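This is what each chain is made of:
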Amino acid sequence: MSLIKTNEILLKDEIKKYRTKELIKLSGEIREQLIDVVSQNGGHLASNLGVVELTIALHYVFDSSKDKFIWDVGHQAYVHKILSGRKETLSTIRKYGGISGFPKCKECEDDCFDVGHSSTSISAALGLANARDLKGEKHSVLAIIGDGAMTGGMAFEALNHAGHLKTDMTVILNDNEMSISGNVGAMSTYLNKVRLDPNYTKRKQYVENILNRIPKIGNKVAWTAEKIKDTVKYLMVPGQLFEELGFRYFGPVDGHNLDELIDVLKKIKDIRGPKIIHVITKKGKGYKFAEDNPDKFHGIGSFDKETGEVKSSSGKISYTKAFSNALLDIAEKDEKIVAITAAMDSGTGTDVFAQKYPHRFYDVGIAEQHAVTFAAALARGGIKPVVAIYSTFLQRAYDQIVHDVALQNVPVIFALDRAGLVGEDGPTHHGVFDISYLRHIPNIAVMAPKDEKELGNMLYSATKYNMPVSIRYPRGEGTGVIIDRGVFDYIEKGQGELLSSGNDVLFIAVGSMVEEAIKAKEILEDSHISAGVINARFIKPLDENLIIENARDKKLIVTIEENVLKGGFSEEIASLMEDHGIVKPLLRMGIEDAFIEHGPQSLLREKCGLYGEGIAEKVKEKLVSAGSFAKVLNMNRRKYL
Ligand SMILES: Cc1ncc(C[n+]2csc(CCOP(=O)(O)OP(=O)(O)O)c2C)c(N)n1
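Residues numbered from 1 in each chain as written. Predicted model: local features only at pLDDT ≥ 70, side-chain atom pairs only at ≥ 80, totals over all residues. Heavy atoms only, no water.

The next point concerns the overall build of the protein chain. When helices and strands are tallied, the protein chain shows 27 helices and 17 strands. The globule rule puts the C-alpha radius of gyration for 641 residues at 26 Å, and the 28 Å found for the protein chain is close to it. Principal axes of the C-alpha set define a box for the protein chain whose edges measure 100 × 60 × 50 Å. Out of the 641 residues in the protein chain, the part that is buried amounts to 58%. Long-range pairs, those at least 24 residues apart, make up 78% of the contacts in the protein chain with a sequence separation of at least 6. (Helix = DSSP H or I, 4+ residues; strand = E, 2+ residues; numbered from the N terminus. Rg over C-alpha atoms; globule rule 2.2 N^0.38 Å. Buried < 20%, exposed > 50% of the residue type's maximum accessible area, 1.4 Å probe, protein only. Contact = heavy atoms within 4.5 Å.)

Right, here's the structure in full:
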């Protein structure tokens, strides 16, 4: 289904007739629309406010239905959406059935590559540019990448390859000195140096002009002259890094000056080979609250646009906060504990740890693979690293988990926030694969808490296991359970928890789904169906005895997990049953073999059947199809009479 309104005026065509004054006016109107929509729907505000002029200039000089724009991460593509036919539908962004918060090929032909995870744009641009060349086509290919995304290893791998291939493509480096929080690393320091040197561009041009005047006489002299040129250039021009990699460097350019932007884009349009334009922007530009607090307004829920205040929630603490508190309390008593984040300190709640223990905290940039190997080596060196990464982003580091952590059996703890359906960010961000990609790896324990208190207990226990451990927990508020700060219960490795015993059905639920299993159990009681509930706690190693003991006398076993069914927890249980010769109907509740779209987290859970009523319904259906429903009902009626 196309979400584009066919009658919508294409602003990207209109603006080609505009003069600077009109483009500036349009920038203001776009900013107003961004603030209006994001204050209602939530989303990535600060990044989009920062690229208004840059996006207008790109659409002014290029044509995105022919030329290819690849937005790194894609969270800053709202302005592109507005200009390329989605001005009217922007109000539906991130809503179920509405347009996505990220570029999506199926949504619009002006989106040429699906994105969501960081640092892929240069690889994608290089691939599209080579496809163009192989097919003998003619169009421009541009990767628009932030200085945060530039810290990701993939970006460097792609620069290295592009410089080697000498493919005609352009990288626009959108440098706002911020990742989600302040940017980190040597690359950031380097860009800062270039940015802060006002005479840099002039000096570069001057040096190049002089050097080009050196005459070339004979091979040997020419070679020597070239060498001298290189050396002089290197000494005189700060900012040679990209040129050394084979890119022609242009900039720094004021990313809010439309004339300057349009001018440089027009100039580079006809220059062949790999080029990089360094554009300086301000994150949150034009909205005071976002300029003052770009971190908070990077990704935000709905808020009051007059005050900048986020609309209040129920007051229960989030899983992230519970993790953050527990980490702090545990680390206070164990100085070997260090925390690692990959550019997500506030998202993972490690920012509080960073403030208290700056020397025990590492923000590695958007570099999940490096984070994991770095942690493995810290652990080898006798330290206890806690690596806090969203479930979806840890996908990047699968090999490092296998090769560097599990194989060496070193005690790295993975705190996997946003495990399960995350909601409005959609399929690139749902954390629904980690059970599958972790449970088959030897040596690692895979855990999931039923509530935010158990999360603390699991983290505490994991620091004692002396082995690799992963703890997955969902996005959003906890259950509201009371937590005694600094007091933890040790959980024996591989120990599940029987929450209630029943006669007919056994629920074996994982993490966020334990609460739903309890609801389903209560609903089923109204139909005289008696269900027991096990909180699995461990996906691996399983509490085999607890599960087998409770499964034997049941008519139906139900597994519930917020993960894909393929390779998930239910397969662990199916194997266990098989191994113990227990032949029972098994109802496996989880995410089917498809990518789940964006929308409110609770709605998506409902659509996947992962909620109390839905589970209870499925149980009844399964009992009917297994021929057990009438039997259970008759038996239980007799019991109750
Ligand atoms: C692999 C991966 N890790 C983490 C993230 C989360 N993330 C989204 S945007 C972002 C910061 C990007 O900074 P930058 O590229 O400078 O863009 P800006 O928002 O500052 O314009 C991060 C860390 C991600 N999308 N992908």
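This part takes up the site of the ligand. Around the ligand there are 23 residues in total, and S47, H75, G148, M178 and E368 lie nearest to it. One of the backbone N or O atoms of G116 is found 3.0 Å from a nitrogen atom in the ligand. At 2.6 Å from a nitrogen atom of the ligand is found a side-chain nitrogen or oxygen belonging to E368. Notes on the ligand: free accessible area 590 Å², of which the protein chains cover 98%. Counted by class, the shell around the ligand contains eight nonpolar, eleven polar and four charged residues. Structurally, the shell around the ligand is a two-domain feature, drawing no fewer than three residues from each of domain 1 (12-197 + 251-292) and domain 3 (319-472). (Near = heavy atom within 4 Å. Polar contact = N/O pair within 3.5 Å; in protein donor to acceptor, adjacent residues only side chain to side chain. Areas by Shrake-Rupley, 256 points an atom, 1.4 Å probe, with all protein chains shown as cover. Nonpolar A, V, L, I, M, F, W, Y, C, P; charged D, E, K, R; others polar. Domains from an automatic or database assignment.)

The next point concerns the packing of aromatic side chains. One pass over the full model with this rule turns up 15 aromatic pairs. Measuring from ring centre to ring centre gives 5.8 Å for Y287 and F297, while their planes differ by 85°; the resulting arrangement is edge-to-face. With a gap of ten residues between them, Y287 in the loop between β5 (274-280) and α13 (288-292) and F297 in the loop between α13 and α14 (319-333) connect regions that are remote in the sequence. For the pair Y287 and F297, a shared accessibility class is recorded, and that class is buried. Where Y465 meets Y490, the ring centres are 6.1 Å apart and the plane angle is 75°; that geometry is what we call edge-to-face. Residue Y465 is located in helix α21 (residues 452-465), and its partner Y490 is located in the loop between β11 (469-472) and β12 (497-500); the two are separated by 25 residues in the primary sequence. Judged by relative accessible area, which is 41%, Y490 ranks as partly exposed. The cationic tip of K269 hangs over the ring face of F62; the distance from NZ or CZ to the ring centre is 5.4 Å. (Phe/Tyr/Trp six-rings, centres within 6.5 Å; stacked < 30°, edge-to-face > 60°. Lys NZ or Arg CZ within 6 Å of the ring centre and 35° of its normal.)

The strand order across the open sheet formed by seven strands is β7-β6-β8-β9-β11-β10-β15, and the pairing between neighbours is mixed. The open sheet terminates on both sides in strands that have one partner only, identified here as β7 (361-363) and β15 (538-540). Each strand of the sheet is rotated relative to its neighbour by a mean of 20°, with strand direction disregarded. Pairing analysis gives four bridges linking strand β9 (residues 413-417) to β11, with the strands arranged parallel. Note that in β11 the partner of A415 across the bridge is I471. Packing against the sheet, α14 makes contact with β6 (337-341), β8 (384-390) and β9, and its axis sits at approximately 150° to β6. (Pairing = 2+ DSSP bridges. Axes fitted to C-alpha atoms, helices over the stretch in contact; angles between N-to-C directions.)

For the structure shown, the criterion picks out 37 salt bridges. Notably, a salt bridge pairs K288 with D292, separated by 2.4 Å at the nearest N-O pair. Of this pair, K288 and D292 both sit in helix α13, four residues apart, which is roughly one turn of the helix. One connected set of salt bridges, linked through shared partners, spans K81, R86, E107 and D111. (Salt bridge = Lys/Arg side-chain N within 4 Å of Asp/Glu carboxyl O.)

Counting residues in each nonpolar core, the largest one holds 50 residues, and the members touching the most others are L394, I401, F414, I508 and F569. Looking at which element gives the most residues to this core, the answer is helix α17 (residues 368-380), with six residues. When residues of this core are sorted by domain, at least three fall in each of domain 3 (319-472) and domain 4 (497-640). Not counting the four nearest positions on each side in its chain, L394 is found in contact with V372, I389, I401, F414, L416 and Y437. Grouped together as the second largest cluster of nonpolar side chains are 49 residues, V38, Y60, I99 and L261 included. (Core = buried A, V, L, I, M, F, W, Y, C linked by side-chain atoms within 4.5 Å.)

Further remarks concern the packing of helix α2 (residues 20-41) against helix α5 (residues 78-86). The contact between α2 and α5 brings their axes to 11 Å, and the two run at 115°. Between α2 and α5, the angle falls in the class roughly perpendicular. The element α2 and its partner α5 pack so that their crossing is right-handed. Residues L26, I30, Q33, L34 and V38 of α2 lie in contact with α5, whose contacting residues are Y78, V79, I82 and L83. Residue composition of the contact of α2 with α5, grouped by class: eight nonpolar, one polar and no charged. (Parallel < 35°, antiparallel > 145°, perpendicular 65-115°, else oblique. Left-handed = near helix turned anticlockwise from the far one by under 90°.)

This next bit is on the pairing of β9. With five of five residues buried, β9 lies mostly within the body of the structure. With burial as the criterion, each face of β9 is covered, one bearing I413, A415 and D417 and the other bearing F414 and L416.

For the rest of this paragraph, the subject is the state of the cysteines. Applying the stated criterion to the full structure yields zero disulfides. In this structure C105 is not part of a disulfide, and its nearest cysteine sulfur, from C112, lies 6.5 Å away. When its relative accessible area of 36% is taken as the criterion, C105 is described as partly exposed. In this structure C108 is a free cysteine whose sulfur lies 9.7 Å from that of C105, the closest cysteine sulfur available. (Disulfide = S-S within 2.5 Å.)

It is worth spelling out the sheet that holds strand β16 (residues 556-564) at this point. One open sheet accounts for five strands, arranged β12-β14-β13-β16-β17; its pairing is mixed. Looking along the sheet, the strands with just one partner apiece sit at the ends: β12 and β17 (586-591). Each neighbouring strand pair of the sheet contributes to a mean axis angle of 20°, computed without reference to strand direction. Pairing between strand β13 (residues 505-509) and β16: five bridges, direction parallel. Bridging from a neighbouring strand, I508 pairs with T559 of β16. With respect to the sheet, helix α22 (residues 513-526) is in contact with β12, β13, β14 (531-535) and β16, its orientation differing from that of β13 by roughly 160°. Here helix α23 (residues 544-551) sits on the sheet and contacts β12, β13, β14 and β16; the angle it forms with β13, its principal contact strand, is near 160°.

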